[in-house]
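Remarks on the overall topology
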Amino acid sequence: MNRVKLNYSVDVILTVLFLIIAVTGFVMLFVIPSGVPRGRYQEYLGITKATWTLIHNRSAIMMTVFTAIHLALHKGWIYCATKSIFKKQDNECSVDR
């Protein structure tokens, strides 16, 4: 797999994970009431609150891993951009992106 396809794949995965985390977070915050009713599982769309939490937490862990991969793939660009911001003279960095 070439670098462009790898970057694209990582970015698509990050976007999907972000959407999963956002949706599950909003559902747990605004739709499923807090607390536990006696003897009942709280469900929304046929999924228990514990499962919503599990999906949310696992997606967040995976997003953290893919964010680290994303940053590692772009470390040259990050270095160059940081260097050019803090340098007074214009230095063009030529980094393989």
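The paragraphs below set out a description of the structure included in this document. For clarity, every value in this text was computed on a predicted model and none was experimentally measured.

**Quick word on the overall build of the protein chain**
- Per the secondary structure count, the protein chain includes three helices and two strands.
- Overall, the protein chain shows an N-to-C arrangement of helices and strands of α-β-β-α-α.
- The buried share among the 97 residues of the protein chain stands at 15%.
- Looking at the protein chain alone, contacts between residues at least 24 apart form 58% of all its contacts between residues at least 6 apart.
- Accessible surface, the protein chain as shown: approximately 7,800 Å² in total, 64% of it carbon and sulfur.

**Some details on the packing of aromatic side chains**
- Per the stated rule, a full pass over the model turns up two aromatic pairs.
- With a centroid separation of 5.9 Å and an interplanar angle of 15 degrees, the aromatic rings of Phe26 and Phe30 are classed as stacked. Pair noted here: Phe26 and Phe30 are both in helix H1 (residues 3–31), with a separation of four residues, about one helical turn. Across the pair, Phe30 and Phe26 agree in class, each one exposed.
- Relative to Trp52, the ring of Tyr44 has its centre 6.3 Å away and its plane inclined at 40 degrees; by these criteria the two rings are tilted.
- Here Tyr44 falls in the partly exposed class, since its relative accessible area comes to 33%.
- Classification of Trp52 by relative accessible area gives buried; the value is 7%.

**With respect to unusual backbone geometry**
- Despite not being glycine, Leu45 has its phi angle at roughly 55 degrees, a positive value.
- Residue position: Leu45 is located in the loop between strand S1 (43–44) and strand S2 (47–48).
- Overall, the relative accessible area of 65% leaves Leu45 in the exposed class.

Rules of the game
- Residues numbered from 1 in each chain as written.
- Predicted model: local features only at pLDDT ≥ 70, side-chain atom pairs only at ≥ 80, totals over all residues.
- Heavy atoms only, no water.
- Helix = DSSP H or I, 4+ residues; strand = E, 2+ residues; numbered from the N terminus.
- Buried < 20%, exposed > 50% of the residue type's maximum accessible area, 1.4 Å probe, protein only.
- Contact = heavy atoms within 4.5 Å.
- Areas by Shrake-Rupley, 256 points an atom, 1.4 Å probe, with all protein chains shown as cover.
- Phe/Tyr/Trp six-rings, centres within 6.5 Å; stacked < 30°, edge-to-face > 60°.

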